[in-house]
Amino acid sequence: MTLKKKEAKTGWMLILPFLTGFLLFYIIPFGISVYYSFTSGLGGSSFAGFQNYVQVFHSFAFRKAAYNTFRFMGLGIPLIMLLSLGLALLMYEGAGKTAGFQQLFLYPMLIPIGASVMFFQVMLSEYGVLNHICQIFGLPVQQWLESGHAFYVLLFLYIWKNCGYNMLLFLAGLYAIPNELVQTAQLEGAKWQQILWYIRLPLLKPTFFFTAVVSMMNSFKIFREAYLIGGESPDWSIYMLQHFMNNNFRNLNYQRLSAAAFLVFLFICLIVGILFWWKRRGDVEV
C-alpha cells in the first residue's frame, strides 16, 4: 500500500465517526421530515402531494409567524451589524480600549438566557420596576411584555445579547487589514471617511458575510427568549415561526410541522445563497 493510500485510509477512519453521527442525527431525520411533509394520516400512511404546504400557507398563524420572523430579521440584523461595526471601529481607533468599555458589551455573552429574561421580566412586567417609576411620575402604566411593545423588548434583548460577539468579529477583521494600506492612503491625503469607505469596508466583506450569517442564525435562536417571555401563546407581535412549529409538535401534526420546517430551511438556504453571491461578486470587483 502506497503512502498516499495509507493517508487516505487514515483520513477516512478519522472522519468516519463524524460522518456516521451526521448521517444518523441530521441527514436521515431531514429526509424523514421531507417525506412526512408530502404525506397525510397517522405515520404518513397516504401521499398528500402539496396539500400540507397549501394548508401552511393558508394558516393565519403561519403567515403571522413568518411576518414577525422576517420583520425581526429585517430590523435586527442591520441594526446589530451597524452597531457592532461602529463599536469595533471605536475600539480599533483607541476610543474604546478601556477595560470597562469592552466588558460592557462582552458581559451579556456570559449571562444565561434565563437570567437575562428574568431581569427584563422584573423590570418590564405589569407590576415591574419601570411601571412603578411611571406611577411615581404620573405616567400611564404600559403592558410592556403583553402588547406590541414586546417586539421591541425582544429586539433590544437580541442586540444586547449578541452585539459583543459581532463586535469581536469586526474587530478581528479590522486587525487583519494591512496597516500599510492605511498609512499609504494617509500619506496621499486621504481622510478618515475615505479610508473607511474605500479601504476598510471593501476589505471587510468576508467579515460582513460571516457576521451576517451568524446574526441570521442568532435571530432564529431568539425563540428561546420569546418563549420565556410569553410562553406558548405570547403576544402576536412576538409569535415566531418556532412557535408555530412547536405548537404543531404539541398537537401531533407532524405533517404540517415538517412542511413548515422545510419552508424555513429553503428560506435560510436562499438567504445564505444571496450572501454567497454578494461575497463572490464583491471578491471579483475587489
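Worth saying up front: this structure is predicted, and the values here are computed from it rather than measured.

Some words on the overall build of the protein chain
- In terms of regular secondary structure, the protein chain is built from 13 helices and two strands.
- Considering only C-alpha atoms, the protein chain reaches an extent of 85 × 75 × 35 Å along its principal axes.
- Summarising the internal contacts of the protein chain: among those between residues at least 6 apart in sequence, 69% fall at separations of at least 24.
- Carbon and sulfur atoms provide 70% of the accessible area of the protein chain, an area that totals close to 17300 Å².
- Side chains of the protein chain give 19 positive and 11 negative charges; the mean places of these two sets differ by 10 Å.

Describing unusual backbone geometry
- Positive phi is not limited to glycine here, since Leu252 has a value of about 65°.
- Within the fold, Leu252 resides in the loop between helix H12 (241-250) and helix H13 (254-285).
- Overall, Leu252 belongs to the exposed group, its relative accessible area being 57%.

A word on the nonpolar core
- Counting 65 residues, the largest nonpolar core has Phe72, Leu154 and Phe244 as its most contacted members.
- Counting residues per element, this core draws most heavily on helix H3 (residues 60-93), which supplies 15 residues.
- Setting aside its immediate chain neighbours within four residues, Phe244 contacts Ser59, Ala61, Phe62, Ala65, Tyr239, Arg256 and Ala260.

Topic: H12
- For H12, a buried count of seven out of ten residues is recorded, marking the element as mostly surrounded by other parts of the structure.
- For H12, every residue scored as buried is listed here: Leu241, Gln242, His243, Phe244, Met245, Asn247 and Asn248.
- Positioned one or two residues after H12, Leu252 has a phi angle of 65°, which is positive.

Describing the side chain of Thr39
- Residue position: Thr39 is located in strand E1 (residues 39-40).
- Looking at Thr39, its side chain comes within polar contact range of the main-chain oxygen of Tyr36, at 2.9 Å.

Some words on the packing of aromatic side chains
- Evaluation of the coordinates by the stated rule reveals 26 aromatic pairs.
- Seen in terms of ring centroids, Phe119 and Phe120 are 5.7 Å apart; in terms of plane orientation they differ by 85°. Their pairing is edge-to-face.
- Accessibility expressed as a relative area gives 9% for Phe120, which makes it buried.
- Chaining the aromatic ring pairs together yields one cluster made of Phe30, Phe38, Phe50, Tyr53, Phe262 and Phe265.
- Positioned above the aromatic ring of Phe151, the side-chain terminus of Arg71 is 3.9 Å from the ring centre.

Topic: the side chain of Asn248
- You can see Asn248 is positioned in helix H12.
- When its relative accessible area of 2% is taken as the criterion, Asn248 is described as buried.
- Beyond its immediate stretch of four places on either side in the chain, Asn248 contacts Asn253, Arg256 and Leu257.

A look at a nonpolar patch on the surface
- Nonpolar side chains collect at one region of the surface, where Trp12, Ile15, Phe18, Leu19, Phe22, Leu23, Leu24, Phe25, Tyr26, Ile27, Ile28 and Ile32 lie side by side and expose about 1200 Å² of accessible area between them.
- Among the secondary structure elements, Ile15 is positioned in helix H1 (residues 3-36).

Some points on the packing of helix H5 (residues 113-124) against helix H11 (residues 223-230)
- The interhelical angle for the contact between H5 and H11, taken along N-to-C directions, is 45°, at an axis separation of 10 Å. Between H5 and H11, the crossing angle belongs to the class labelled oblique. In the crossing of H5 with H11, the sense of the turn from one axis to the other is right-handed. Residues Ile113, Gly114, Val117 and Gln121 of H5 pack against Arg224, Glu225, Leu228 and Ile229 of H11.
- Considered class by class, the residues forming the contact of H5 with H11 number four nonpolar, two polar and two charged.

What counts, and where the lines are drawn
Residues numbered from 1 in each chain as written. Predicted model: local features only at pLDDT ≥ 70, side-chain atom pairs only at ≥ 80, totals over all residues. Heavy atoms only, no water. Helix = DSSP H or I, 4+ residues; strand = E, 2+ residues; numbered from the N terminus. Contact = heavy atoms within 4.5 Å. Areas by Shrake-Rupley, 256 points an atom, 1.4 Å probe, with all protein chains shown as cover. Lys, Arg positive; Asp, Glu negative; His and termini not counted. Charge placed at Lys NZ, Arg CZ, Asp CG, Glu CD. Buried < 20%, exposed > 50% of the residue type's maximum accessible area, 1.4 Å probe, protein only. Core = buried A, V, L, I, M, F, W, Y, C linked by side-chain atoms within 4.5 Å. Polar contact = N/O pair within 3.5 Å; in protein donor to acceptor, adjacent residues only side chain to side chain. Phe/Tyr/Trp six-rings, centres within 6.5 Å; stacked < 30°, edge-to-face > 60°. Lys NZ or Arg CZ within 6 Å of the ring centre and 35° of its normal. Patch = residues over 30% accessible without salt bridge, like charges linked within 9 Å, V, L, I, M, F, W, Y side chains within 5 Å. Salt bridge = Lys/Arg side-chain N within 4 Å of Asp/Glu carboxyl O. Axes fitted to C-alpha atoms, helices over the stretch in contact; angles between N-to-C directions. Parallel < 35°, antiparallel > 145°, perpendicular 65-115°, else oblique. Left-handed = near helix turned anticlockwise from the far one by under 90°. Nonpolar A, V, L, I, M, F, W, Y, C, P; charged D, E, K, R; others polar.

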